[in-house]
Amino acid sequence: MIGETVLEVRDLHTHFFLRRGVVKAVDGVSFSLRRGEVLGLVGESGCGKSLTALSLMRLLPKGGARTIKGEVLLDGENILERTPAEMREIRGRRISMVLQDPQTSLNPVFSIGDQLREAIERRQRGTRAEVMKEAVAALRRVEIAAPEQRIGQYPHQMSGGMKQRVVGAIAISGEPAVLIADEPTTALDVTIQLQYLKLLKRLQAETGMAILFITHDFGVVGRMCDRVAVMYAGRIVECGPVRQIFEAPQHPYTRALIASVPKMSGPIGRLTTIEGQPPSLMDLPVGCRFASRCALVEQRCLDAYPGTVRVGEEHTADCWKVVPR
Amino acid sequence: MTSEPLLRVEGLRKHFALTKGILFARTLGYIKAVDDVSFEIRAGETLGLVGESGCGKTTTSRMILNLETPTEGRILLEDEPIQGLQGAALSAYRAKVQAVFQDPWSSLNPRMKVGRTIAESLIVNASGDRAWGDPARIDGRVRELLLQVGLRPEQAQQYPHEFSGGQRQRVALAAALASRPKLIVLDEPVSALDVSIRAQMMNLLKDIQAEDDVAYLLVAHDLATVRHMADHVVVMYLGKIVEQAPTVSLFADVRHPYTKALFSAVLVAGPNRHENEIELKGEVPSPLDPPAGCRFHTRCPYVMPRCSLQEPALREVSPGHAVACHLFDDA
C-alpha cells in the first residue's frame, strides 16, 4: 500500500568544485517518495543519478563535491541541516543504501556475522548470543539457506547473489523508512537478478519501506517501479507513473531512450539511436540540455530552460513542446 | 548465403585442473568449463552464445581465439584444424579471427594514439606482406577503418582517454577489422555501454557485417541483444549446450526448461505482467562437481526421476532446433 510522503527532495544542487571549473552534476532535482512506493531514478552514466543518492545519504565523495542548495525532507525534517553525528544516527535507521557491487560493500576480513552484528548493535544493545540470534534472523529474512552455517563465513565464500542479500540484510536491519538501491542487480546474472528483485518486493510488503531504485535498465524499471523519474544532465526531465512513461512518454529524451532499447518481440529492424553526446556538465547550455540532440528543437529550446509542465495525472515533463494537461 | 560452414567446433572440451600446493602439486579435481560442445558458424552469419556466468561461453570463445588449448575436440576454420598451428600459419589464423572485448577502457593502450593501435593491428596481422612497411599505405588504411566505424580520420591522432566508451568500442572494432578478418569474436561488445550508445554500436556491427560479409560469434547474456544481432543461438548451462536453434524459431518456441527460465527472467521494458514468471530456486551448482544426469535437474521445475540418472542427449525437435532434455525423449 502506498501511503504518505516520507521523503521529499526540493531543488537539490550538488556540484563538484574543481580547479578546472564547476561540474554541475546534480543541478535542481526535486521529487517525492511515499511509504510503500518504489520510485525509479533512470538515466545514462554521468546523468547524476548516483550522486543524487549520495547527496541524500550525505556521503559525498571527497574532493570538492558539495551540496550547495536544496532541501532533503525525511519525515518533514531537513537532514541537510543535521550535524555529522546526528547523520550517523539517521543512516541505517531511517535511510539506508545498497550499492551496485556487493564485493566492495562487504569487508573481506570480517565474517558475515561480524558485519551484521555491527549493524544490529548500533540499534540495540544485548548479549552476544542475543545479537547473534538477531543476525541469524536477519539472514533468514533475506532468504539465505542455512543461516546458522553461513553466519561464520567470509564474503569470498559466497556467490554474488548471496553477498548482495547479506548487504540487503545489513541495510534493512535498522528498519529504515527509505531504502536507496543503487543498481543493486547490475552485477548479477539474470535469473539471480529476478530472485533479488522479488525478494526486495517481498521485504517491502513486510516493512512498508519506500524504495528509491536507481537503474539504467528499463526492464528492471518495468518490473520494480510504481513511478519513474528520468534524469538527463543533472536534472529530472520527466517523472510519472510507470505505465504512462512506457506507453505515452512525453519528453523527447524519454521517447528516444525507450525506443533505443532492443525488444524481445515485434519487428527486428534498425534500432533507433540518439545521435551526439550529452553536454559537458562544466559548460551547460542556458536552454534545454537535450536541445543539441533533440529532433524537435526550436529557437526557444536554445534560449531558455523549459519549466516543469504537468502532462497528466502525477506526470510531469520539462519540455517546451509538450502539451500541458 | 553459403552452405559451407566457415568455422566448425566439434566435441570441444576444456577441463581445468584444480591443484593444491606448489612444488608437489596434487590435482584435486577438474573443472569442466566446457564439456562436449559442437556448433558451426557460416560466413557472414552471427551465432549468439548465451548463458549465465560460469556456463563456459567465454572459455569456448577463448579456445576459438586460440588463447586456450582444448582438452579434447577440434576447431576447424575453413576445414583446417587450428590446433598445433605455428609460425606463419598461426599468424594467418589470427588475421582471420579477431576479437572485440567487453571493456573498452582496458582493451586499448592508454599511452598509444588510437591510430597507432589500429596500425599495429594491421602490421602484426599482415603476415609477410612487405607492402605494410609503407607508412602512407598504413595511414590510408587507418583513415578508411576510422571512417568505416563512424569516426573522423583526424581522430587517429588522439589518445583513448579523449574518447567516450562508445567511441573506444568503435576504435577496438576498427583494430579488429584491420586485417579483414573472416570471423570476429564479440565478447559482450555492448554490455558496458549506455542504452542509447548500445543501439548505435549494434547498428554499426550489422552494417559492417552487411558490407564485409564477416561472421560474428556474439557472446552475450542479454537475450534482446542476441535477438537483434544473431542468426543462430546456442544456449549453454554449466559447460553443456542445452538448446540450439535459429534465432527466429528459438524466440517463437522456447523448449528447454532452462532456456524458458532464462527468457522469463528477461525483464521487458514496459509495465510488466508477470503471472507466468519462472523463478529458479538456488544458484548454478559448482562446475567442480556438476550434478549427475542432466546438469540442470537440481533447479528444474519439471524434474523427473530419470533426469538425475541419465544425461539427456542433444536431439533435434524441429528442423535446426535441438534440445537436450528428457521431456523431449519421445518427440
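Going by the structure above, here's the rest.
Residues numbered from 1 in each chain as written. Chains lettered and ligands numbered in written order. Predicted model: local features only at pLDDT ≥ 70, side-chain atom pairs only at ≥ 80, totals over all residues. Heavy atoms only, no water.

**Remarks on unusual backbone geometry**
All names here are of chain B. Positive phi, normally seen in glycine, also occurs at D79, with a value near 70°. For D79, the position within the fold is in the loop between β4 (72-77) and β5 (80-81). For D79, a relative accessible area of 44% puts it in the partly exposed group. A positive phi is found at E188, a non-glycine position, where the angle reads about 50°. Given the relative accessible area of 10%, E188 is considered buried. (Helix = DSSP H or I, 4+ residues; strand = E, 2+ residues; numbered from the N terminus. Buried < 20%, exposed > 50% of the residue type's maximum accessible area, 1.4 Å probe, protein only.)

**Thoughts on the side chain of R227(A)**
Residue and element names in this part refer to chain A. Along the polypeptide, R227 turns up in strand β9 (residues 227-232). On the basis of relative accessible area, R227 is assigned to the buried category, the value being 8%. Sequence-distant contacts of R227, defined by excluding residues within four places in its chain, comprise S32, L33, R34, E37, V38, L39, G40, C239, G240, P241, V242 and E314. (Contact = heavy atoms within 4.5 Å.)

**Describing the environment of H221(B)**
Residue and element names in this part refer to chain B. Locating H221 in the fold gives a position in the loop between β8 (215-220) and α7 (223-229). Overall, the relative accessible area of 34% leaves H221 in the partly exposed class. Separated by 41 residues in sequence, H221 and L262 have C-alpha atoms that sit 9.6 Å apart. In this structure, H221 is in contact with G51, E188 and S191, ignoring residues within four places of it in sequence.

**Observations regarding the pairing of strand β7 (residues 178-182) of chain A**
Residue and element names in this part refer to chain A. Among the five residues in β7, five count as buried, and that is most of the element. Every second residue of β7 is oriented toward a common face, with V178, I180 and D182 on one face and L179 and A181 on the other, all of them buried. Taken together, the four bridges between strand β6 (residues 95-98) and β7 define a ladder with parallel strand orientation. Each residue of the ladder has a partner; that of S96, found in β7, is L179. Here β7 runs beside strand β8 (residues 210-215); their pairing, made up of five bridges, is parallel. Pairing of V178 across the sheet is with A210, part of β8. (Pairing = 2+ DSSP bridges.)

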